[in-house]
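# Report on the structure
Letter by letter, the chains look like this.
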Amino acid sequence: MLPARKRPRKSCPPSYESCTNTAAHYLQYELPDEVVLTIFSYLLELDLCRVSQVCKRFNVISNDTELWKRLYQNVYEYDLPLFSLSACKFEFLSPEECEMANPWKEAFRQLYRGIHVRPNHQGISMRGRNLIFFNTVQSALDYVDERSGTNSTTGSVTGSCSNHSTDGGNAQQGALIFLHAGTYRGEFLVIDSDISLIGAGPGNVAESVVLERESESTVMFVEGAKNAYAGYMTLKFSPEATSTVPHHKHYCLEVGENCSPTIDHCVIRSTSVVGAAVCVSGVGANPTIRHCDISDCENVGLYVTDYAQGTYEDNEISRNALAGIWVKNYANPIMRRNHIHHGRDVGIFTFDNGLGYFEGNDIHNNRIAGFEVKAGANPTVVHCEIHHGQTGGIYVHENGLGQFIDNKIHSNNFAGVWITSNSNPTIRRNEIYNGHQGGVYIFGEGRGLIEHNNIYGNALAGIQIRTNSDPIVRHNKIHHGQHGGIYVHEKGQGLIEENEVYANTLAGVWITTGSTPVLRRNRIHSGKQVGVYFYDNGHGKLEDNDIFNHLYSGVQIRTGSNPVIRGNKIWGGQNGGVLVYNGGLGLLEQNEIFDNAMAGVWIKTDSNPTLKRNKIFDGRDGGICIFNGGKGILEENDIFRNAQAGVLISTQSHPILRRNRIFDGLAAGVEITNNATATLEYNQIFNNRFGGLCLASGVQPIVRGNKIFNNQDAVEKAVSNGQCLYKISSYTSFPMHDFYRCQTCNTTDRNAICVNCIKTCHAGHDVEFIRHDRFFCDCGAGTLTNQCQLQGEPTQDTDTLYDSAAPMESHTLMVN
């Protein structure tokens, strides 16, 4: 309410003219604003605009917001001002958000040209305003068609209401038709011009304005509807279940060729068990569908096909019986920021050469995959979140393509991404995590480019490749999996390069059952089991990788596996560098194997690898240990600075050592024991602490052309100096020398006594020579009952271990 104006009173002469002037003066200056405002409240919009031109005071009072709010709500029934911001864009704004002085009046002005459809409108007073009313939508459309040749179909608000140079940006927009609250049944609406249909009612406008049909399509946009608009209403297609009228080509909303309507803030429902709720089809079909709710339909929600395009933004698509969205036959829509969830089938299904650009969509809790690509489809999917799928995240099959870039794919019940049957998508820069099974699963001759993804926290393998699949996997981070990193099996292939695979619970990479991948320049580290695990005829190439800091071995090869392992750095394994066992094969060439807690290379149990030109050094145990019938060809390797024997050969093993250099070891160069033998040809063995070539009793290797020189021979020197061998070995090394027992002290065959302790500590005892072999002196270690006279303080120890500790074999869970 405006404050009362205070002006000085003036006296007027008592003539008629003077009286008239006095009345005008009183009306304009003396009558209180409250009274003028009350009078103006009885005026309609046109008269209110006219009176605003009388004087400045009337102009101010006639623009009162409450006056125009009451007029606006009486005509349009809206709770908030609705603005026509541009062609085909109508938006409610609260008055507080508007910069104009009177948003209710401005909204009234922008919408005043509209035609009104109000069922049973007879009796509504239209005096004083240029408003046109109809009972049915079709009659309003017919009226627009009839008047399409004239300059204007409706009146306009004049005076101070129209002091803007434009009409709310509607210069390119056709007639505006308001559908007031009610249910409009049975009308067959075909839109072929640039009209705007907009619901009008209080509260939730879309729910109060319902268009419904039981046969044919509820609303069709056809050629000519270039800038048509439908907004703020509910569209329903409800065919009778018992009807014999076929309706498989009819829809709730249909957009045909060569038209580009805007569908905005609509609720779209269909109970049809065939077809779709929304169908966009044909060349030139290019609608804008935004802020719509396409849910609870008994078939597909949105179907885009046959070269159609369109922009689909900020829609809610949920709980549909089949796919939330179908894209087919070269259709190429743009879909942004849609919420697609809880479907009873797949979220988005692109097939039969469908295309599309999908950005920023939230796709979750669908019964099948969140996004499915099939049969030549090639969508682009960026910045989407695809999660909590009851089956999987992304499923690409039957020659599917597609680019999936910068998405978050997580918490799906099965794999985050499935690729199969000759499909070849690009999966780039995605986060793929917390899957209830694997991250990326490639099978059935699948391909694909998998690069720059962050794959972590999945219950099964981060990437699984099987059944002749051949992807390119590069520049990914695959880590902290509850299972393994990369699993290649059942004749899987693939180029796997420059990935970082780390901190997985099981093996970093498994290769098995006839698989032949190529792994190059990867960093595979910090795993809780093996780095790379070849088993059950796993093959392939492992080249130029860094493999380090695993709780088990860096590489394990077993059961017929025969990989090529070339140019790798393998270090920091807590159970050794490379373990070849149970019939394993393989070519290990030009690798650097160093700083492992146990042997650099283990060869055991009938395995027969070839080692060429490797550097095996700085091991905290032996360089190469060959046990239990192990074989192998060792050629031209440099084996040096290892804490135990450079090469230890034991228990019926028979390798071939040719042209190796074995030097600077902290124990012996080569030791052969326990019924093993070997062929040693043209090796150089030098500067090893305990000696060069040390043979246990009964060992007779084939020796030819070796150079054994400048070894420190610390064992012989200790013996000749009368020292206990424990002085030079402690209980961590096993120098080879004469092994004695003391019957008097009742020692067992697991207790060894060196020759100097026999002479000094057990002088006069009943002793026997057992054999020349590897041991440390238990007398010097203080583990016998009598005190060693050649050694200082006794060292707490357990029974002597005859060989170095056996490697731990990983028991990796198999996944079929």
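None of these values were measured; they are calculated from a predicted model.

## Things to note about the overall build of the chain
Counting its secondary structure elements, the chain contains 12 helices and 74 strands. The buried share of the chain, reckoned over its 816 residues, is 55%. A fraction of 53% describes how many contacts in the chain between residues 6 or more apart in sequence connect residues 24 or more apart. Of the accessible surface of the chain, which amounts to about 32,400 Å², a share of 48% is contributed by carbon and sulfur atoms.

## Regarding the confidence of the model for the chain
Summing up the model confidence of the chain, the mean pLDDT is 89 and the portion of residues at 70 or higher is 89%. Within the model, pLDDT remains below 50 along residues 793-808, and this stretch shows 49 contacts once partners closer than five positions in the same chain are excluded. A low-confidence stretch, residues 810-816 stays under pLDDT 50, and its non-local contacts, those more than four residues away or across chains, total 25 contacts.

## As for the side chain of Thr262
Summarising the element assignment, Thr262 is placed in strand S14 (residues 262-264). In this structure Thr262 touches Cys88, Ala228, Tyr229, Ala230, Thr288 and Arg290, once residues within four positions along its chain are discounted.

## Comments concerning the pairing of strand S67 (residues 668-672)
Of all five residues that make up S67, five are buried, and the element is covered over most of its length. Taken together, the three bridges between strand S64 (residues 647-649) and S67 define a ladder with parallel strand orientation. Across the sheet, Leu648 pairs through a bridge with Glu671, a residue of S67.

## Some thoughts on the nonpolar core
One finds Leu179, Phe221, Val280, Phe371, Ile463, Val555 and Ile624 to be the most contacted residues of the largest nonpolar core, which totals 148 residues. The leading source of residues in this core is helix H7 (residues 137-146), at five residues. Excluding its chain neighbours within four sequence positions, the residues that come into contact with Leu179 are Val117, Val137, Tyr184, Leu197, Ile198, Gly199, Ala200, Val209, Leu211 and Met233. Within the second largest apolar cluster, 38 residues are counted, among which are Trp68, Tyr72, Ala107 and Leu131.

## Things to note about the pattern of salt bridges
Enumeration over the complete set of coordinates arrives at 37 salt bridges. Here Glu671 ties to Arg774 by a salt bridge, and the two come within 2.4 Å at their closest N and O atoms. One end of the pair, Glu671, is in strand S67; the other, Arg774, is in strand S74 (residues 767-774), and 103 residues separate them in sequence. Judged on exposure class, the residue Glu671 and its partner Arg774 are both buried.

## Considerations on helix H6 (residues 103-111)
Note that an α-helix has 3.6 residues per turn; residues three or four places apart therefore point the same way. For H6, the buried fraction is high: nine of the nine residues fall into the buried class. Residues of H6 that are buried: Pro103, Trp104, Lys105, Glu106, Ala107, Phe108, Arg109, Gln110 and Leu111. Those residues of H6 hidden inside the fold are in contact with helix H3 (45-51), helix H5 (65-76), strand S1 (82-86), strand S2 (89-92) and strand S5 (176-180).

## Observations regarding a negative patch on the surface
Taken together, the side chains of Asp142, Asp145, Glu146 and Asp192 present a region of like negative charge at the surface. Here Asp145 falls in the partly exposed class, since its relative accessible area comes to 43%.

## Some thoughts on helix H2 (residues 33-40)
Within H2, burial applies to Asp33, Val36, Leu37 and Phe40. Seen along its axis, H2 keeps its buried residues to an arc of 100°; they face one direction. Lining the buried residues of H2 we find H3, helix H4 (56-62) and H5.

## Structural notes on the environment of Ile386
Within the fold, Ile386 resides in strand S30 (residues 385-387). The buried category is assigned to Ile386, whose relative accessible area is 0%. Between the C-alpha atoms of Ile386 and His341, which are 45 residues apart in sequence, the distance is 9.7 Å. Sequence-distant contacts of Ile386, that is, excluding residues within four places in its chain, are made with Ile363, Gly370, Phe371, Gly393, Ile394, Lys408, Ile409, His410 and Asn412.

Rules used throughout
- Residues numbered from 1 in each chain as written.
- Predicted model: local features only at pLDDT ≥ 70, side-chain atom pairs only at ≥ 80, totals over all residues.
- Heavy atoms only, no water.
- Helix = DSSP H or I, 4+ residues; strand = E, 2+ residues; numbered from the N terminus.
- Buried < 20%, exposed > 50% of the residue type's maximum accessible area, 1.4 Å probe, protein only.
- Contact = heavy atoms within 4.5 Å.
- Areas by Shrake-Rupley, 256 points an atom, 1.4 Å probe, with all protein chains shown as cover.
- pLDDT = per-residue confidence, 0-100.
- Pairing = 2+ DSSP bridges.
- Core = buried A, V, L, I, M, F, W, Y, C linked by side-chain atoms within 4.5 Å.
- Salt bridge = Lys/Arg side-chain N within 4 Å of Asp/Glu carboxyl O.
- Patch = residues over 30% accessible without salt bridge, like charges linked within 9 Å, V, L, I, M, F, W, Y side chains within 5 Å.
- Lys, Arg positive; Asp, Glu negative; His and termini not counted.
- Charge placed at Lys NZ, Arg CZ, Asp CG, Glu CD.
- Arc of directions from axis to C-beta.

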